[in-house]
Every structure is written in structure tokens, then in C-alpha cells.
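Coordinates in review
The chain contents come next:
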Amino acid sequence: MKSKSQKLSLALLLSNIFIIFVGISLVLPVLPSLMNELSISGTIAGNMVATFALAQLIASPFTGKWTDKYGRKIMIIIGLFLFSFSELLFGIGKSLEMLFLSRILGGVSGACIMPAITAFIADITSENERPKALGYMSAAINTGFIVGPGIGGFLAEFGIRVPFFAASILGAIVAIASIFLLKEPERMEQPDSKKGQKIGWKRIFMPMYFISFVIIFLSTFSLTSFESLFSLFIDHKFGFTPRDIAIIITGSGTVGAIAQILLFDRLTKRLGEIMVVRLSLIFSALLVFVMTIVSSYWSILLICCIVFVGFDLVRPGITSYLSKIAGNEQGFVGGMNSMFTSIGNIFGPIIGGILFDINLNFPFYFATIMLIFCIAIAMFWKEPNPSTL
């Protein structure tokens, strides 16, 4: 990294990501209770997640371009304030319309924050440093998931909507802090990449990008088909309490963070991003299927704690690969990454919710099949020829 100010910027970005995902995960232990209170079915829960993703999908192409045009900092700040407001709405919402409006605003906030932070990190790191920095970003996300449920479970003792208000306050604090502490980075210059910018949307279908985007879509599609119903799954099938759910989410977040801090940088340097993604997909497919056949509390806890490790390595692996080849298109690539993630997040929860209402295990069977398909496609993924960049 080039200077102390850039190291400070990275620390602040990681803090932003950490606090945002603390805010998101604060509410996870109480979601089943809130959904039971409002008589929300698996289908409606899936549609609610899909609404978040649809808003993110629609906004991502624009926010990705605006990240390059207007700057990383302003998009991060806008996204943080939108996140804060969306959590407030969810906390005070008494109707489905209000809850869905909250999810729409939350999706737009995600479309603002994630491409901007990814592009920001790419700007302040070298190619060799970037995998480690992106691994730290994913670890910050997981660590947020570690801390959040425990805090949420504690706050739920004062009311099941209190965690949403806490998430709103956290988002506002981080937004205000970013206004004063975050400085716009110098852009990474790679003149050869300007050729690609003139191609516009056709750039998506170029081989160096397209297979990556397809894998992003399919892996997200399979993950969210069961992840969005995960709390309901263990609540309905095993009768787990909010405290049990908090323990499981905390455990999976801890293992994921450790894997990213200790393994991701080493694995990518030794095997390369593409091979790390392939192996992680295989690992994920096996464990998602195993989730349907375990029954004891400790076996469920063990599998749940490691089932997301594969996904936790897939995401930074693809992001690292894309940032390495993107040149001056960091905002564009971040926006497309967010867009294809959102497409998966739309259809995965909808199908998962429908399958959940038929049989609790069906979303996991479906996810396993989709992951196998994703693995097959990943086998055709190759590093691009430098002359095509």
C-alpha cells in the first residue's frame, strides 16, 4: 500500500463493511419470530429477499458507472444513509408493504456500497496486495456476522424490533464518520483498459468477464435458494430458538473469517483464483447436501459452521480475479458483480421459498444440483490472454 493515509482508508472501509454486516446480522435471530408474528410464509419470505435483490439489480449498473464518474466516497456515504433508513423502516413496519419498501431501499443501498468499496480497495492496493485486502474485506463481512447475532439476541430481550433500530443507528454513525474520515482515492491508471470502456455493455460478454459473471450468478442463485430460508429451516425442522440460531450463525461466521484470513491469500498465491473458486464450489456442493441428512444438534452445528466456508472463498476469489483484470473499469466490474449477484439473489429466494413450502429439504437439494452445474462451467474458466485486456 502506498501511504499511511491509504492504510487508514482501508481500515475505515473494512470498519464500514464490518459495521454494516453487524447491522444486517443483528436481525437474523429474530426474523423467524417476526415472521411468525406477521404470519409470513416461506414464499413471502423468499419474495422479500428477492425484492431486495431486484432493487439492487436495477440500481447496480447505474451505481457502478456513478462510482467511476462521481467517486467512491460519495457512493459509499449515500449507500450508508440508505441502509440506515431502510433498517428504520423495517423496525417500524407493521404491514407487508412497509417491509417490502424497506427491502427495496436496502437493495439500492447495497448497490451503492459494495461496488464503491471494491473499487476503492482496488485503487489503494497493488495487484499483489489486492487478494489479501479482498480477503480481509470478506473476513470483515464474516466477522460482522459473528458479532451481530449475539448482539441481536441480547437486544431482542427488549423487543424483537429493537435490533432493527440498532442497525439503523449503526448505519447512520458509519455514514457520518465516513464524511469526515474517508478521502477519495487516486484512480488506478491502466491506459489499455480504456478500449474496453468504449465497448460499453458488450464488455459483459467478453470471455475474460463472462464466465466469471455466470459463476457469480449460479453460485449466488444456489446459495440464496436455501440461505434466505436457513433460519426458518432450522426453526421449523429442529425447533431452534433465536439463541440457537445466533450460536450457529456466529459459529459459521467465525470459521469463515478464520478461513479467509489464514487461507485465502495463501491459496490464491499458490493455486490462483480460478482453482480456489473451483475447489470451493465442490466443497460447498458436498456440504449443502449433507445438511439434509444430519439430525443431531452437534452435527447440525458442525455442518452449519463450515457449510458457508466454500461460499466465503468463492466470492473474494471471483472479486479478486475481476479486479486484477479490470484496469480502469473497477466501478463497471464492481457494478456488474453486484448486478449478477442480484440476479441470483432474485430467483434463488423465490424458488427456495416455493420449494420450502413443499418440503423443508427441497431448497438444499436444488442448491446442490445448481452447484454441480456451476462446477461444470467453472472447468471451462481460464485466465485471459494479456493481449485481450
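Residues numbered from 1 in each chain as written. Predicted model: local features only at pLDDT ≥ 70, side-chain atom pairs only at ≥ 80, totals over all residues. Heavy atoms only, no water.

Here's the deal with the overall build of the protein
The criterion, for reference: Runs of H or I in DSSP of at least four residues are treated as helices and runs of E of at least two as strands, each being numbered from the N terminus. The classification of residues rests on relative accessible area computed with a 1.4 Å probe and restricted to protein chains. Under 20% of the type maximum is buried, over 50% is exposed, and intermediate values are partly exposed. Residue contacts follow a heavy-atom distance rule, with two residues in contact if any of their heavy atoms lie within 4.5 Å. Only the protein chains shown count as cover for residues, and the accessible areas themselves come from Shrake-Rupley with a 1.4 Å probe.
Along the backbone of the protein there are 16 helices and zero strands. Considering the protein as a whole, with its 389 residues, one finds that 58% of them fall into the buried category. The contacts in the protein between residues at least 6 apart in sequence include a share of 87% that link residues at least 24 apart. For the protein, the accessible area works out to roughly 16,100 Å², and carbon and sulfur atoms hold 70% of it.

Points about the pattern of salt bridges
Operational definition: We count a salt bridge whenever a side-chain nitrogen from Lys or Arg sits within 4 Å of a carboxyl oxygen from Asp or Glu.
One pass over the full model with this rule turns up three salt bridges. A salt bridge links Asp68 to Arg72, with the shortest nitrogen-to-oxygen separation between them at 2.9 Å. A salt bridge links Asp123 to Arg72, with the shortest nitrogen-to-oxygen separation between them at 2.7 Å. Here Asp123 is found in helix α5 (residues 96-124), whereas its partner Arg72 is found in helix α4 (residues 72-92), with 51 residues between them in sequence. Judged on exposure class, the residue Asp123 and its partner Arg72 are both buried.

What to know about the packing of aromatic side chains
Threshold: Planes of paired rings set the category: under 30 degrees apart is stacked, over 60 is edge-to-face and the rest tilted, where pairs are Phe, Tyr or Trp rings (Trp by its six-membered ring) whose centres lie within 6.5 Å.
Overall, the coordinates contain eight aromatic pairs when judged by the stated rule. Ring plane angle 25° and centroid distance 4.8 Å describe the contact between Phe90 and Phe164, whose orientation is recorded as stacked. Of the two residues, Phe90 sits in helix α4 while Phe164 sits in helix α7 (residues 162-181), which places them 74 residues apart along the sequence. You can call Phe90 buried: its relative accessible area is 4%. Given a relative accessible area of 2%, Phe164 falls into the buried group. Geometrically, the ring pair formed by Phe289 and Tyr365 is tilted, given 6.5 Å between the ring centres and 40° between the ring planes.

A look at helix α12 (residues 273-290)
Note that an α-helix has 3.6 residues per turn; residues three or four places apart therefore point the same way. Under the convention used in this document: Here a helix's expected span is defined as the number of its residues, less one, multiplied by 1.5 Å.
In this model α12 runs 26 Å from its N-terminal to its C-terminal C-alpha over 18 residues, within 8% of the 26 Å that 1.5 Å per residue would give. Within α12, the full set of buried residues consists of Glu273, Ile274, Val276, Val277, Arg278, Ser280, Leu281, Ser284, Ala285, Leu287 and Val288.

Looking at the side chain of Thr118
Mapped onto the secondary structure, Thr118 falls in helix α5. According to the relative accessible area criterion, Thr118 is buried, its value standing at 13%. Among residues more than four places away in sequence, those in contact with Thr118 are Met137 and Thr319.

A word on the environment of Phe340
Inspection of the secondary structure assignment puts Phe340 in helix α15 (residues 330-358). When the C-alpha positions of Phe340 and Phe221 are compared, they lie 9.5 Å apart, and in sequence the two are 119 residues distant. Sequence-distant contacts of Phe340, that is, excluding residues within four places in its chain, are made with Ile204, Phe213, Ile216 and Phe217.

With respect to the environment of Asp68
For clarity, the cut-off: The definition of a polar contact used here is a pair of N or O atoms within 3.5 Å, where within protein one atom must be able to donate a hydrogen and the other to accept one, and adjacent residues in sequence count solely through side-chain atom pairs.
Within the fold, Asp68 resides in helix α3 (residues 42-70). A sequence separation of 47 residues divides Asp68 from Pro115, and the C-alpha atoms of the two residues are 9.7 Å apart. One polar contact links Asp68 to Arg72, side chain to side chain, over a distance of 2.9 Å.

A closer look at the confidence of the model for the protein
Reading fine detail from the predicted coordinates is not recommended where pLDDT is low. Stated precisely, the cut-off is as follows: How sure the predictor is of each residue is captured by pLDDT, a score from 0 to 100.
Of all residues in the protein, 87% attain a pLDDT of 70 or more, and the chain-wide mean is 79. The secondary structure element of the protein with the lowest average pLDDT is helix α8 (residues 194-199), at 44, and the one with the highest is α4, at 91. Here residues 190-199 scores under 50 on pLDDT; set against residues more than four positions off or in separate chains, the count is 14 contacts.

So, the nonpolar core
We apply this condition: Among buried residues, the Ala, Val, Leu, Ile, Met, Phe, Trp, Tyr and Cys ones that are joined through side-chain atoms within 4.5 Å form a nonpolar core. Bear in mind that the domain bounds are from an automatic or database domain assignment.
Counting residues in hydrophobic clusters, the biggest one holds 69 residues, and the most contacted among them are Tyr209, Ile215 and Leu281. Top contributing element to this core by residue count: helix α9 (residues 207-227), with ten residues. Two domains each donate at least three residues to this core, and these are domain 1 (1-184) and domain 2 (205-388).

With respect to a nonpolar patch on the surface
Under the convention used in this document: Like charges within 9 Å and nonpolar side chains (Val, Leu, Ile, Met, Phe, Trp, Tyr) within 5 Å are joined into patches, using only residues over 30% in relative accessible area that form no salt bridge.
On the surface, a nonpolar cluster with roughly 700 Å² of combined accessible area is contributed by Leu54, Ile58, Phe62, Trp66, Tyr70, Ile74 and Ile78. Elements with a contribution of two residues or more to the nonpolar patch: α3 and α4. Per-element tally for the nonpolar patch: the top contributor is α3, with five residues. Within the element layout of this structure, Trp66 appears in helix α3.

Points about the packing of α12 against helix α14 (residues 309-326)
Filter applied, for reference: The axes used here are C-alpha line fits, helices contributing only the stretch in contact, and every angle between their N-to-C directions lies in the interval 0 to 180 degrees. The cut-offs work like this: below 35 degrees is roughly parallel, past 145 is roughly antiparallel, 65 to 115 is roughly perpendicular, and the gaps in between are oblique. Should the near helix be turned anticlockwise from the far one by less than a right angle, the crossing is left-handed, and should it be turned clockwise, the crossing is right-handed. Here the term charged refers only to Asp, Glu, Lys and Arg, the term nonpolar to Ala, Val, Leu, Ile, Met, Phe, Trp, Tyr, Cys and Pro, and the term polar to all other amino acids, Gly among them.
Contact geometry of α12 with α14 gives a least axis separation of 8 Å together with a crossing angle of 160°. For the element pair α12 / α14, the angle class is roughly antiparallel. Here α12 runs over α14; the crossing is left-handed. For the pair formed by α12 and α14, the contact residues are Glu273, Ile274, Val276, Val277, Ser280, Leu281, Phe283, Ser284 and Val288 on the first element and Val309, Gly310, Phe311, Leu313, Val314, Gly317, Ile318, Ser320, Tyr321 and Lys324 on the second. In the contact of α12 with α14, the residues fall into twelve nonpolar, five polar and two charged.

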